[in-house]
Amino acid sequence: MESAKCALSPPGLANRPGDLGPKARRRLYGAPVRTFWRVAGVLGLVLLLALGGLIAFGVHSVRASFPQTSGEIALPGLRAPVSVVRNDLGVPDIYASSLADLFYAEGYTHAQDRFWEMDVRRHITAGRLSEMFGKSQVETDSFLRTLGWRRIAEREVGLLSDRSRAILDAYSAGVNAYLADHAGAQLSLEYAVLGLQNPDYRPEPWTPADSVAWVKALAWELRSNMDDEVYRAIMSASAGVDRTEELFPPYPFATHRPIVEGGAVVDGAFDQDATAAGGGGGANVLADARGALLATHRVAALLDPWLGTSGEGIGSNSWVVAGDKTTTGKPILANDPHLAPAMPSLWYQAGLHCITVTADCDYDVSGWTMSGMPGVFIGHNARVAWGFTNLGPDVTDLVLQKVDGDAYLVDGEQVPMTTRQEVIRVAGGEPVTITVRETADGPLISDVAGIDTYTAIGADAPVPAPGSVATREAPPDRGSGYAVALRWTALQPSRTFDAFDLLDTAGDFTDFRAAAAQLNAPAQNLIYADVDGNIGYQAPGQIPIREGYDGKWPIPGWDSRYRWTGYIPFDALPSVYNPKEGWIVTANQAVIGPTYPYFITDDWSYGARSQRIVDLVEQATAGGGLLDVPAMQRIQMDTVNELATFLAPKLAALPTTPTTEAAVALLRGWDGSQPADSAPAAYFNAVWRQLVARMFDGESGTDLISADGGDRFWQVVYRIWDSPRDFWWDDKTVDGVQTRDETLQAAMAAAATELQQTLGDDPSAWQWGQLHTLLLRNQTLGDSGIAPIEALFNRGPIQTAGGSSIVDATGWTPSDGYEVDWVPSMRQVVDLANLDASTWVNLTGASGHAFDPHYDDQVEAWRTGTQYPWAYTPDAVRSAAVDTLALVPTPSRG
């Protein structure tokens with residue numbers, strides 16, 4: 001099926017107005033926020049001048065928010081004194097005599113350093129951004145109220161264990177103790193600016209549901225294949241179903257090994273030593289759902305300015321090596337989760353310690369917390385260490401509904417919807433009331449008003465979907481279009497929050513698996529190591545079982561056979577313990593091979609990062625070689641581009657022109673590594689950007705999708721290389737039909753011209769880092785459009801190494817340029833032989849206060865691959881201490 005060629009403009013590849021890549025989403029949906037802050041920013045600048053300039057304002061307001069980190073503070077509700085010991089990075093270790101005091105102090109400490117971040121987060125999850133930022137956020141709030149994260153979180157609080165609820169209550173009490181004594185600029189500089197535009201705003205007391213609701217935001221950011229569904233549907237409208245499927249090739253099991261090799265489900269439980277029989281589950285549903293998913297893509301993108309980029313490019317690295325392959329004789333575990341960059345970082349480092357570990361006070365854990373949530377998310381205690389990467393199961397369905405008034409069709413019968421009204425309070429405006437309608441499949445996300453493409457909802461989706469089970473009868477009349485409901489596991493109340501307490505106090509692999517059994521959403525690959533020398537892996541999550549379809553395309557809600565029939569039993573999910581290889585690598589690749597009897601997803605990362613880690617571990621341990629902590633750190637910073645090792649020699653062999661000769665010469669003999677100062681990396685990635693635009697983006701027929709350029713598209717190139725007249729080699733941006741070499745040479749010429757214009761005429765002086773920069777944006781003020789305000793809160797641009805689908809995963813989207821869209825949000829290496837020999841580094845710093853010394857003091861170490869000592873034992877913490885704050889009970893009266 002030949003398609004009309006789109007008019008792009010190589011070599012500049014200017015961002016297209018409708019492009020919903022990460023930067024474009026910030027432009028499109030961040031504009032109302034920028035408008036708010038632009039008004040506030042102008043007022044702020046006037047105030048700065050009135051106060052005698054920026055320095056005077058900084059002294060007056062900035063320092064007001066800096067936390068007290070030494071001395072003594074008396075607080076109501078504490079039972080006994082608590083010590084908060086901070087090192088030279090401002091990272092706290094908290095010591096308490098009871099769990100109640102420990103989590104009270106964690107809440108207080110989070111509020112000291114990050115309350116603005118916490119406050120914004122809870123307004124996101126509750127759909128109450130308009131209360132802070134005005135009418136610009138009504139659409140976003142409408143979407144969030146439709147999803148109902150906060151309502152679900154409130155129900156989940158009641159499902160949690162008594163211990164989890166006590167932890168949440170104590171944490172909330174600590175946050176509220178800080179709020180009782182601080183307001184406005186004392187909480188954070190952002191409140192001073194917010195007050196110029198919204199003077200009546202006051203933070204509310206913190207509640208347990210505020211904490212639990214953030215788990216829903218994490219599940220959204222790490223949701224499964226919705227973006228791939230959108231890409232399939234929109235691309236298939238132009239290229240056709242079969243050619244679109246060519247852009248989603250099978251996972252390359254022969255060259256990129258899955259996490260778990262071998263094993264089978266026996267008598268309902270996964271056995272890593274069993275031999276599989278039979279094929280995997282899941283049908284291949286082929287459908288053109290372009291209209292239905294177009295609007296879904298738009299509305300889902302509303303959250304990107306607040307939660308960051310999501311989708312297939314987002315991943316993580318983690319691996320663990322057994323003691324017989326390390327210099328210490330005990331396991332070493334590495335982890336670096338990949339998320340959208342933020343200022344401050346998502347993560348907050350902390351240690352939580354019971355002064356005396358007992359059955360009633362059993363915490364002695366250190367690692368990565370998130371402000372607004374009690375406990376440690378990733379890290380280690382005295383016995384076990386763990387890491388997370390995104391498993392990425394398909395836990396969502398987009399369900400087409402035939403709606404008649406407030407009823408929808410199921411098996412020929414009209415079923416009434418559940419409706420509720422939500423009142424959105426708006427700063428500086430009148431309240432807005434919306435009606436949320438829900439089906440048995442989930443809320444109607446197509447009801448959210450204000451998105452131009454909603455008229456296209458359900459307009460084009462053919463039913464029955466080719467390749468799925470046939471519908472019982474002819475599909476109902478489409479009318480003006482079907483509605484779309486979201487079926488998603490995270491919209492069902494669960495006890496996920498219980499998992500974090502169980503992880504923090506786990507003593508062995510049995511305890512670890514018990515914690516994993518509670519981790520429903522987001523589902524994460526969990527790796528494990530303990531001080532006894534054991535290593536392990538567990539796949540958790542509430543993963544639906546489908547029959548007759550696999551969730552790749554929209555499904556007809558009027559046919560009840562398109563239902564989830566249950567969930568994969570936890571005991572049947574893949575796991576390994578002390579594998580014969582002596583190591584486990586997870587980096588978002590396929591969890592297990594195609595003989596596994598349950599369908600998890602087909603939309604894995606294609607294994608470029610994971611296989612590179614496997615190769616490096618095997619190389620380091622070949623012939624009896626051993627790994628240590630610095631060697632694991634070096635692997636985390638590896639920048640070899642798998643595509644470059646395949647494609648660069650082939651590009652270098654093509655005929656050159658005077659324009660390309662000097663640039664192409666850079667590729668001859670290049671090893672494919674991408675440090676920031678690499679000239680060949682700059683040119684190669686410019687060529688790849690051109691190829692993505694010409695081969696893939698030019699075919700979609702719309703500017704609403706763009707290829708991420710990651711290892712899925714690398715696999716496409718590998719598969720079609722020996723077919724130089726394959727459809728996908730054609731340059732869709734120009735007339736006529738081009739062969740492989742013609743398109744490659746055009747891309748090489750355009751890339752050379754682009755870099756000559758941007759980096760200069762001497763190719764040997766080009767540097768990848770000059771193109772591939774990271775800007776650390778403050779979540780709100782950082783995109784205000786007012787340069788002096790942005791300078792207060794943002795940091796960068798920072799020249800970075802690495803790239804997409806590379807171990808040093810600084811991802812970028814070709815249609816947006818070279819700017820970094822996702823990053824290793826932190827890095828850790830845990831030494832189970834000596835926990836004090838472990839190392840870590842955050843993306844930014846401990847503080848959320850601009851100009852605090854710890855706002856950005858880890859950025860340079862993160863950029864260069866340096867990691868800091870990670871003190872854990874009391875002696876090591878005391879040795880590293882710079883400040884100690886005593887939190888003491890308020891003296892009783894009388």
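Before reading further, recall that the structure is shown in the block above.
What counts, and where the lines are drawn
Residues numbered from 1 in each chain as written. Predicted model: local features only at pLDDT ≥ 70, side-chain atom pairs only at ≥ 80, totals over all residues. Heavy atoms only, no water. Disulfide = S-S within 2.5 Å. Buried < 20%, exposed > 50% of the residue type's maximum accessible area, 1.4 Å probe, protein only. Pairing = 2+ DSSP bridges. Helix = DSSP H or I, 4+ residues; strand = E, 2+ residues; numbered from the N terminus. Axes fitted to C-alpha atoms, helices over the stretch in contact; angles between N-to-C directions. Contact = heavy atoms within 4.5 Å. Salt bridge = Lys/Arg side-chain N within 4 Å of Asp/Glu carboxyl O. Phe/Tyr/Trp six-rings, centres within 6.5 Å; stacked < 30°, edge-to-face > 60°. Lys NZ or Arg CZ within 6 Å of the ring centre and 35° of its normal. Polar contact = N/O pair within 3.5 Å; in protein donor to acceptor, adjacent residues only side chain to side chain. Expected span 1.5 Å × (residues − 1). Parallel < 35°, antiparallel > 145°, perpendicular 65-115°, else oblique. Left-handed = near helix turned anticlockwise from the far one by under 90°. Nonpolar A, V, L, I, M, F, W, Y, C, P; charged D, E, K, R; others polar.

A.B. asks: Explain the state of the cysteines to me, and be specific about the residues and the numbers.
C.D. replies: Formally, a disulfide is one covalent bond, and it connects the sulfur atom of one cysteine to the sulfur atom of another. Tallying each qualifying case throughout the model produces 1 disulfide. A sulfur-sulfur separation of 2.0 Å characterises the disulfide bridge that pairs Cys-354 with Cys-361. Judged by the sign of its S-S torsion, about -90°, the bond between Cys-354 and Cys-361 is left-handed. Accessibility assignment for this pair places Cys-354 and Cys-361 in one class, buried.

A.B. asks: Run through the sheet that holds strand E10 (residues 373–381), naming residues and quoting values.
C.D. replies: With mixed pairing, 11 strands are arranged side by side in an open sheet as E1-E33-E2-E3-E8-E9-E10-E11-E20-E21-E25. The open sheet terminates on both sides in strands that have one partner only, identified here as strand E1 (71–75) and strand E25 (575–577). On average, each strand axis in the sheet is tilted by 30° relative to the strand beside it, whichever way the strands run. Taken together, the 4 bridges between strand E2 (residues 82–86) and strand E3 (residues 92–96) define a ladder with antiparallel strand orientation. Of the residues in E3, the one forming a bridge with Arg-86 is Pro-92. Sheet strands in contact with helix H9 (residues 208–221) are strand E9 (364–370) and E10, and its direction is about 60° off that of E10.

A.B. asks: With reference to specific residues and values, describe the sheet that holds strand E15 (residues 413–416).
C.D. replies: The 3 strands are arranged E13-E14-E15 in an open sheet whose pairing can be described as antiparallel. Lying at the two open borders of the sheet, with one neighbouring strand each, are strand E13 (403–404) and E15. For E13 and strand E14 (residues 407–410), the ladder comprises 2 bridges, and the chain directions are antiparallel. From the neighbouring strand, Asp-404 faces E14, where its bridge partner is Ala-407.

A.B. asks: Lay out the pairing of E10 with the relevant residues and their values.
C.D. replies: With 9 of 9 residues buried, E10 is to be regarded as a mostly interior element. Both E9 and E10 contribute to a ladder of 5 bridges, which runs antiparallel. The residue bridging Val-365 from the neighbouring strand is Asn-381, located in E10. Between the antiparallel neighbours E9 and E10 lie 2 residues, among them Gly-372 with a positive phi of about 100°. Relative to strand E11 (residues 384–390), E10 runs antiparallel, the two being bridged by 2 bridges.

A.B. asks: Give me the pattern of salt bridges: which residues, what numbers.
C.D. replies: Two side chains that carry opposite charge are able to pair once their charged atoms sit near each other. If you walk through the whole model with that rule in mind, you get 45 salt bridges. Between Arg-257 and Glu-261 there is a salt bridge; the shortest N-O distance is 3.3 Å. Notably, a salt bridge pairs Arg-437 with Asp-406, separated by 3.2 Å at the nearest N-O pair. Here the residue Arg-437 occupies a position in strand E17 (residues 432–439), and Asp-406 occupies one in the loop between E13 and E14, the gap between them amounting to 31 residues. Classification of Arg-437 as buried rests on a relative accessible area of 15%. When salt bridges with common partners are traced through the structure, they connect Asp-394, Asp-397, Asp-441, Arg-487, Arg-546 and Arg-563 into a single cluster.

A.B. asks: I'd like a rundown of the environment of Val-807, residues and numbers included.
C.D. replies: Position of Val-807 relative to the elements: it lies in the loop between strand E28 (795–799) and strand E29 (823–824). When its relative accessible area of 1% is taken as the criterion, Val-807 is described as buried. Sequence separation of Val-807 and Pro-824 is 17 residues, and the distance between their C-alpha atoms is 9.3 Å. Residues within four places of Val-807 in sequence aside, it is in contact with Asn-317, Asp-336, His-338, Arg-609, Arg-612, Ile-613, Ile-635, Gln-636 and Asp-638.

A.B. asks: I'd like a rundown of the pairing of strand E7 (residues 332–339), residues and numbers included.
C.D. replies: Across the 8 residues that make up E7, a large majority, 8, are buried. Every second residue of E7 is oriented toward a common face, with Ile-332, Ala-334, Asp-336 and His-338 on one face and Leu-333, Asn-335, Pro-337 and Leu-339 on the other, all of them buried. Relative to strand E30 (residues 826–831), E7 is paired through 4 bridges, and the arrangement is antiparallel. Residue Ile-332 lies in a different strand from E30, and its bridge partner there is Asp-831. Two strands pair when backbone bridges link them, and E7 and E29 are joined in this way by 2 bridges, in the antiparallel orientation. Residue pairing across strands places His-338 opposite Pro-824, the latter belonging to E29.

A.B. asks: Please set out the packing of aromatic side chains residue by residue, giving values where relevant.
C.D. replies: Enumeration according to the criterion identifies 41 aromatic pairs in this entry. Between Tyr-683 and Trp-766, the ring centres sit 6.2 Å apart and the planes meet at 40°, which makes this aromatic pair tilted. Linking Tyr-683 in helix H20 (residues 679–695) with Trp-766 in the loop between helix H22 (740–759) and helix H23 (768–771), this pair joins segments that are 83 residues apart in sequence. As far as the burial class goes, Tyr-683 and Trp-766 line up, both buried. Seen from their ring centres, Trp-768 and Tyr-818 are 6.0 Å apart, and the 85° between their planes marks the pair as edge-to-face. Here Trp-768, found in helix H23, pairs with Tyr-818, found in the loop between E28 and E29; they are 50 residues apart in sequence, far enough to count as distant. Considered together, Trp-768 and Tyr-818 belong to a single accessibility category, that of buried residues. Ring-pair connections join several aromatic residues into one group, and the members of that group are Trp-347, Trp-368, Phe-377, Phe-388, Phe-497, Phe-500, Trp-840 and Trp-870. Directly above the ring of Phe-727 sits Arg-243, whose terminal nitrogen or CZ lies 3.9 Å from the centroid. When the ring centre of Phe-851 is taken as origin, the NZ or CZ atom of Arg-795, which lies over that ring, is 5.7 Å away.

A.B. asks: For the side chain of Ser-700, give the residues involved together with the corresponding values.
C.D. replies: Relative to the elements of secondary structure, Ser-700 occurs in the loop between H20 and helix H21 (711–720). Among the polar contacts made by the side chain of Ser-700, one reaches the main-chain carbonyl oxygen of Asp-697 at a distance of 3.4 Å. Sequence-distant contacts of Ser-700, defined by excluding residues within four places in its chain, comprise Ile-234, Met-235, Ser-238 and Ile-705.

A.B. asks: I'd like to hear about helix H10 (residues 226–239), residue by residue, with values.
C.D. replies: Relative to the 20 Å expected for 14 residues at 1.5 Å per residue, H10 spans 20 Å between its end C-alpha atoms, a close match to the ideal helical length. Residue Gly-240 follows H10 closely and has a positive phi angle near 90°.

A.B. asks: Could you give an account of the packing of helix H3 (residues 99–126) against H9, with specific residues and numbers?
C.D. replies: At a minimum axis separation of 9 Å, H3 and H9 run at an interaxial angle of 70°. By the angle between their directions, the pair H3 and H9 is classed as roughly perpendicular. Both H3 and H9 take part in a crossing whose hand is left-handed. Residues Arg-121, Arg-122 and Thr-125 of H3 form the contact with H9, whose participating residues are Asp-210, Ala-213, Trp-214 and Ala-217.

A.B. asks: Account for the packing of H3 against helix H8 (residues 189–197), with residues named and values stated.
C.D. replies: With their axes 8 Å apart at the nearest point, H3 and H8 run at an angle of 50° to one another. As far as their axial angle goes, H8 and H3 are oblique. Contact with H3, carried on its side by Phe-115, Trp-116 and Asp-119, involves Glu-190, Tyr-191 and Leu-194 of H8 and no other residues of that element. Across the contact of H3 with H8, the residue classes tally to 4 nonpolar, no polar and 2 charged.

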